[in-house]
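Residue-level listing of the chains:
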Amino acid sequence: LTEINVSKKCESVTINLAHSGQLQASVMGHNWVLTKAADLEGVANDGMAAGLDADYVPLNDTRVLAASSVIGGGETTSITFAASNFDSSEQYAFFCSFPGHSYSMRGNFIVSP
């Protein structure tokens, strides 16, 4: 997806992620991370430094609004969070923070009033 639209009125949003490949998470993992659009690059860079043990997400980073674990081929994961915590006038982005993936595996997360 390149865009996800949700209503601020939603009590919760669940993202289901399925890795259709066959490679292990350490070789070709994927995750789902949500930040403000302006924070994407910084979180992606800091996530690479955090490493696989931290799911390529900086620990206790307030810029990270939601994040799943890194999964490998044939695995699935889900993450649930409240849409009511988001500002409909803000720009948000989702991406995969596995090293090198955030440049092409990303999209807009749009919150409507």
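Refer to the preceding data block for the structure.
In this text, all values refer to a predicted model and were calculated from it rather than measured experimentally. (Residues numbered from 1 in each chain as written. Predicted model: local features only at pLDDT ≥ 70, side-chain atom pairs only at ≥ 80, totals over all residues. Heavy atoms only, no water.)

*Asks:* Can you explain the overall build of the protein chain? Please cite residues and give values.
*Replies:* Across its full length, the protein chain carries two helices and seven strands. A globule of 113 residues ought to have a C-alpha radius of gyration of about 13 Å, and the protein chain, at 13 Å, matches this closely. Taken along its principal axes, the extent of the C-alpha atoms in the protein chain is 40 × 25 × 25 Å. The proportion of buried residues among the 113 residues of the protein chain is 41%. When the accessible surface of the protein chain is totalled, it reaches about 6,200 Å², and 49% of it is carbon and sulfur. (Helix = DSSP H or I, 4+ residues; strand = E, 2+ residues; numbered from the N terminus. Rg over C-alpha atoms; globule rule 2.2 N^0.38 Å. Buried < 20%, exposed > 50% of the residue type's maximum accessible area, 1.4 Å probe, protein only. Areas by Shrake-Rupley, 256 points an atom, 1.4 Å probe, with all protein chains shown as cover.)

*Asks:* Describe the environment of A37, with residues and values.
*Replies:* In this structure, A37 sits in the loop between β3 (33–36) and α2 (40–50). For the pair A37 and F109, spaced 72 residues apart in sequence, the C-alpha to C-alpha distance is 8.8 Å. When residues no more than four places from it in sequence are discounted, the contact partners of A37 are Q91, Y92 and A93. (Contact = heavy atoms within 4.5 Å.)

*Asks:* Outline the packing of aromatic side chains, supporting the account with residue identities and numerical values.
*Replies:* In this structure the tally under the stated criterion is eight aromatic pairs. Each ring, one from F81 and one from F86, has its centre 5.9 Å from the other, and the planes form 75°; the classification is edge-to-face. We classify F81 as buried; its relative accessible area is 10%. Residue classification places F86 among the buried residues on the basis of a relative accessible area of 5%. Taken together through their ring pairs, the aromatic side chains of W32, F81, F86, Y92, F94 and F109 make up a single cluster. (Phe/Tyr/Trp six-rings, centres within 6.5 Å; stacked < 30°, edge-to-face > 60°.)

*Asks:* Account for the pattern of salt bridges, with residues named and values stated.
*Replies:* Applying the stated rule across the entire model yields four salt bridges. With its nearest N and O atoms 2.8 Å apart, the salt bridge here joins R106 to E41. One end of the pair, R106, is in strand β7 (residues 106–112); the other, E41, is in helix α2, and 65 residues separate them in sequence. Exposure remark for E41: the relative accessible area of 34% places this residue in the partly exposed category. With its nearest N and O atoms 2.5 Å apart, the salt bridge here joins R63 to D61. Note on R63: relative accessible area 24%, which makes it partly exposed. (Salt bridge = Lys/Arg side-chain N within 4 Å of Asp/Glu carboxyl O.)

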